[in-house]
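Summary of the model geometry
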Amino acid sequence: MKTPPYLKKGDTVAIVCTASAVKGGIADGIRILKSWGLQVLVSPSVSATWHTFAGSDALRQEDLQQALDDGAVKAVFAARGGYGTVRIIDAIDFTSFAQNPKWLIGFSDITVLHSHIQRQTSVKSIHGQMPKSFEKGTAPSLESLRQALFGEDPAIQYTTANAAHRDGEAEGELIGGNLAILQSILGSDSDPEYDDKILFIEDVGEALYNTDRMLRTLKRAGKLAKLRGLIVGGFTAIRESDPPFGQDVPQIVREIVAEYTYPVAFDFPAGHIEDNHALVFGATAQLSVAHNRIKLTYIS
């Protein structure tokens, strides 16, 4: 995987919106980026509205294309997620981006972009807080994003009382993102390679039965059998059915991957949570799960 140049003070970054319309502005996000010594360009889509989207498909496509092609822009932030990136992904020309990589940052619906550029251009990207989520993001999560962008060590380690972990050590490229998005791009040009990878998953607002269905879809598609490791982040605002489904998320995951032997980590601090730590997708990482102590470090 190709590593884009790390940022330095004085660099220019662009904020675009490829999905849902931004509501309430991103003043906090811009302020924080400037406090890191960065110059900030805000694209028209950030303030645009077209139905549920941040402007028309054509506008969002144009903004992303311009930010990718502009040599003065050293990183591209998605302002927020929601829905809509899949509507424009096939119209984007990544030729210049592949030749002159730059960091692309976001999560949720931006999983489409992460997966697409990993599959099509072999360029690393950052799953992390977006300018809209900066306003509620914890200081540690924002610091982890700054570290990742400026080439400092964004290693993550934590302990948890969750007994569902499966101990072990793993090494491989880090991929993943939002589970619903990963399922939605199966079989497409944006579908990443899963074999020998460490997979990270998270989601928000899903019913337990649908979480089970999405994971079983990935399994039946052969995506889970040859992983090196599995990291389960925030599964927030999860909905129960009536009558109850009968399993929580850790139980669902453990049952589905029971036949495999790779390590499985739960409660990872990333996803639709305020403490959404940055993850460098495409980087080679080491995952250690030992008696509820989890550590993720980067090798290259």
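The structure this text deals with has already been given above.
Brief notes about the pattern of salt bridges
A full pass over the atoms with the stated rule returns 13 salt bridges. Between Glu259 and Lys219 there is a salt bridge, with its nearest N and O atoms 2.7 Å apart. With a gap of 40 residues between them, Glu259 in the loop between α8 (249-256) and β10 (264-265) and Lys219 in helix α7 (residues 208-220) connect regions that are remote in the sequence. On the basis of relative accessible area, Lys219 is assigned to the partly exposed category, the value being 22%. A cluster of three or more residues bridged by salt bridges with shared partners is formed by Asp57, Arg60 and Arg87.

Structural notes on unusual backbone geometry
For the bond running from Asp242 to Pro243, omega is 5 degrees, close enough to zero to count as cis. You can see Pro243 is positioned in the loop between β9 (229-236) and α8. The phi dihedral of Asp267 is positive, around 60 degrees, even though this residue is not glycine. With phi around 70 degrees, Asn292 is a residue other than glycine that occupies positive phi space. The residue Asn292 is located in the loop between β12 (284-290) and β13 (293-298) in this model. Using a relative accessible area of 24% as the deciding quantity, one classes Asn292 as partly exposed.

Focus on the side chain of His114
Assignment of secondary structure puts His114 in helix α4 (residues 111-121). Look at His114 and you get buried, because its relative accessible area is 0%. At 3.4 Å, the side chain of His114 and the backbone oxygen of Ile126 are in polar contact. Ignoring anything within four residues of it in the chain, the contact list for His114 reads Leu104, Gly106, Ser125, Ile126, His127 and Phe281.

Rules of the game
Along each chain, residue indices are assigned from 1 in the same order as the chain's sequence is written. Thresholds applied to this predicted model are a pLDDT of at least 70 for local features of residues and 80 or more for the giving and counting of side-chain atom pairs; totals over whole chains, interfaces and linings are not thresholded and use all residues. Note: side-chain values were computed over all heavy atoms of the structure, leaving out hydrogens and water. Any carboxyl oxygen of Asp or Glu within 4 Å of a side-chain nitrogen of Lys or Arg constitutes a salt bridge here. Working definition: helices are DSSP H or I runs of at least four residues, strands are E runs of at least two. Numbering for both runs from the N terminus. Summary of the burial criterion: residues with accessible area below 20% of their type's maximum are buried, those above 50% are exposed, and those between are partly exposed, where the area comes from a 1.4 Å probe applied to protein chains only. The definition of a polar contact used here is a pair of N or O atoms within 3.5 Å, where within protein one atom must be able to donate a hydrogen and the other to accept one, and adjacent residues in sequence count solely through side-chain atom pairs. Two residues form a contact once any of their heavy atoms are found within 4.5 Å.

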